[in-house]
Amino acid sequence: MREMDRARKIGNDVEQASICLARGELVAIPTETVYGLAANAFNQEAVLKIFEAKNRPQFNPLIVHTGSLEKMRPFLLQIPDWAEKLAASHWPGPLTLLLPRNEVIPDLVTAGLPRVAVRIPNHPLTLELLASLDFPLAAPSANPFGYISPTAASHVAEQLGDEVSYILDGGRSTIGIESTIIGADETGEPAVFRLGGLSLESIRNTIGKISVRINPVEEQPQSSGMLKSHYAPKTRLILGQIDVLLPEYGHQDPYLLTYNHIHPGYPVERQIVLSPTSNIREAAYRLFSALRELDSKGSELILAEPVPEKGIGRAINDRLKKAAGKG
Ligand code: TXA
Ligand code: MG
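What you see is a predicted model; the values in this text were computed from it and never measured.

A. Representation of empty space enclosed by the protein in the model. If you walk through the whole model with that rule in mind, you get 1 cavity of 30 Å³ or more. Around the largest cavity, the lining residues are L69, I79, A83, E84, A87, W91, L97 and L99. Contributions of two or more residues to the lining of the largest cavity are made by α4 (81-90) and β5 (95-100). With 3 residues, the top contributor of residues to the lining of the largest cavity is α4. The residue inventory of the lining of the largest cavity, partitioned by class, reads 7 nonpolar, no polar and 1 charged.

Below is the structure:
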């Protein structure tokens, strides 16, 4: 980032940060763990900017930050007892909870998953910022794909300075490693899915026993899509050129997922077009709901075509490949 921009873009002006976020822009926020790259979690266009800025070739679900439990309740379906206890003892703090969510949270934020990751960070400036907003903040760590997480405003300026409207400078992150992530396992019992700033001892002191489910590949960015942390359609999906696939599979009455146009000569009601105007960003934020809708049709097969392999299109194709790999 250039010297002049640096002076204008970094500071401790909470109001400035608040204005940028309300406009749907990206703001880097300080937290006690690491700096976050934040956007209005209710605004899909804004959330999309996070993925573009991080230049990550996959969609990863994002942590949603609020300043209070009350502000989370409208988008949570239910908060189990163990979660209430952990929240009461450790929020604000380096704890993230995976909880069932409703439709108020866009699919893009959770990568289509039924649970959302939520956290109240413990940093005075960010708490002041969150109190000033009437929406929560979706924020991953503020590093580009493949880089380590930033623990100072200057790290963000170096790595993502050109991508953000403002960097709220809250000094060094006091903890310096990401939050501990806890959610229910298959049996409904709490389990740790990522080790982080909140120790296992503190957790056990609050709720007693807890199991640890760390997938060793999780922290490797290239492999994180291998986690079950993405929505995958149950219906078989084949990825390829629709005109090539249809002659072979047409007799199975598949549904089609196309990029920008209805495939001529095939029933319109069996097709979903991601973006009729060839807008790759629109395609990105419609992707998860389109997959979900196709999955609910009860058909045996989905034929999908890749989108242009540029910008956020890479993440879309990655998602489609994974959906296809399943079948
Ligand atoms: O300390 C932190 O947690 C920082 C600060 C900014 O809050 N944030 C952070 O975000 O580390 P990120 O995106 O770098 O890591 C979040 C992790 C990812 O591994 C993601 O897969 C997982 O949380 N995650 C988020 N939402 C999820 C969901 N709905 N289900 C499963 N995993 C989820
Ligand atoms: Mg990260």
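Structure shown, so let's carry the discussion forward.
B. Region of interest: the packing of aromatic side chains. Inspection of the entire model under this criterion finds 3 aromatic pairs. Taken together, a centroid distance of 5.1 Å and an interplanar angle of 85° make the contact between F51 and F59 edge-to-face. No difference in accessibility class separates F51 from F59, as the two residues are buried. Look at F59 and F288: their rings are 5.7 Å apart centre to centre, the planes differ by 70°, and that puts the pair in the edge-to-face class. Placement of the pair is F59 in the loop between α3 (44-54) and β4 (63-65) and F288 in helix α10 (residues 280-295), with a sequence separation of 229 residues. For F288, a relative accessible area of 1% gives the class buried. The side chain of R270 reaches across the aromatic face of Y255, ending 4.3 Å from its centre.

C. Spatial organisation of the nonpolar core. Within the largest apolar cluster, 74 residues are counted, with the highest numbers of intra-cluster contacts made by F59, W91, L97, V118, I182, L257 and I316. The element contributing the most residues to this core is α10, with 9 residues. Not counting the four nearest positions on each side in its chain, V118 is found in contact with I63, V64, M72, F75, L76, W91, L95, T96, L97 and L99. If you look at the next biggest cluster of nonpolar residues, it comprises 16 residues, including V27, A38, L130 and Y166.

D. Representation of the pairing of strand β6 (residues 115-119) within the structure. The buried fraction of β6 amounts to 4 of the 5 residues, a majority that puts the element mostly inside the structure. Examined bridge by bridge, β4 and β6 share 3 bridges and lie parallel to one another. Across the sheet, residue V64 finds its bridge partner in β6, namely V118. Note: β5 against β6, 4 bridges, orientation antiparallel. Bridge pairing links L97 to V118 in β6.

E. Highlighting the pattern of salt bridges. According to the stated counting rule, one finds 13 salt bridges in the structure shown. R73 is the salt-bridge partner of E70, the closest N and O atoms lying 3.4 Å from each other. For E70, a relative accessible area of 53% corresponds to the exposed category. Under the relative-accessibility criterion, R73 is labelled partly exposed at 34%. A salt bridge links R292 to D107; the shortest N-O distance between them is 2.8 Å. Here the residue R292 occupies a position in helix α10, and D107 occupies one in helix α5 (residues 107-110), the gap between them amounting to 185 residues. Taking the relative accessible area as the measure of exposure, R292 reaches 30% and is therefore partly exposed. Since its relative accessible area comes to 11%, D107 is described here as buried. A single network of salt bridges, built from pairs that share partners, joins E45, E52 and R281.

F. Examining the sheet that holds strand β15 (residues 301-304) more closely. Taken in spatial order, the 4 strands line up as β12-β15-β13-β14 in an open sheet, and their pairing is parallel. The sheet terminates laterally at β12 (236-239) and β14 (271-273), the two strands that pair on one side only. Taken pair by pair, the neighbouring strands of this sheet meet at an average axis angle of 20°, ignoring direction. Relative to β15, strand β13 (residues 255-258) runs parallel, the two sharing 3 bridges. By the bridge assignment for β15, Y255 is matched with I302. Here helix α9 (residues 242-249) sits on the sheet and contacts β12, β13 and β15; the angle it forms with β15, its principal contact strand, is near 155°.

G. Examining helix α2 (residues 14-22) more closely. Taken as a whole, α2 has its buried residues at V14, A17, S18, C20 and L21. For α2, the angular spread of the buried residues around the axis is 165°, confining them to a single face. Exposed and facing more than 90 degrees away from the buried side of α2 are E15 and A22. Contacts made by the buried residues of α2 are with β2 (27-29), β3 (36-40), α6 (124-132), β7 (137-138) and β8 (166-168). At the N-terminal boundary of α2, the capping side chain belongs to D13, with an oxygen 3.1 Å from the backbone nitrogen of E15. Two residues or fewer past α2, G24 is found with a positive phi of approximately 90°.

About the cut-offs
Residues numbered from 1 in each chain as written. Chains lettered and ligands numbered in written order. Predicted model: local features only at pLDDT ≥ 70, side-chain atom pairs only at ≥ 80, totals over all residues. Heavy atoms only, no water. 1 Å grid on protein atoms, 1.4 Å probe; cavity = no way out; pocket = protein on both sides within 12 Å on 5 of 7 lines; lining within 4 Å. Points joined across faces, edges and corners; volume = space filled by probe spheres on them. Helix = DSSP H or I, 4+ residues; strand = E, 2+ residues; numbered from the N terminus. Nonpolar A, V, L, I, M, F, W, Y, C, P; charged D, E, K, R; others polar. Phe/Tyr/Trp six-rings, centres within 6.5 Å; stacked < 30°, edge-to-face > 60°. Buried < 20%, exposed > 50% of the residue type's maximum accessible area, 1.4 Å probe, protein only. Lys NZ or Arg CZ within 6 Å of the ring centre and 35° of its normal. Core = buried A, V, L, I, M, F, W, Y, C linked by side-chain atoms within 4.5 Å. Contact = heavy atoms within 4.5 Å. Pairing = 2+ DSSP bridges. Salt bridge = Lys/Arg side-chain N within 4 Å of Asp/Glu carboxyl O. Axes fitted to C-alpha atoms, helices over the stretch in contact; angles between N-to-C directions. Arc of directions from axis to C-beta. Polar contact = N/O pair within 3.5 Å; in protein donor to acceptor, adjacent residues only side chain to side chain.

These figures capture arrangement, not role.
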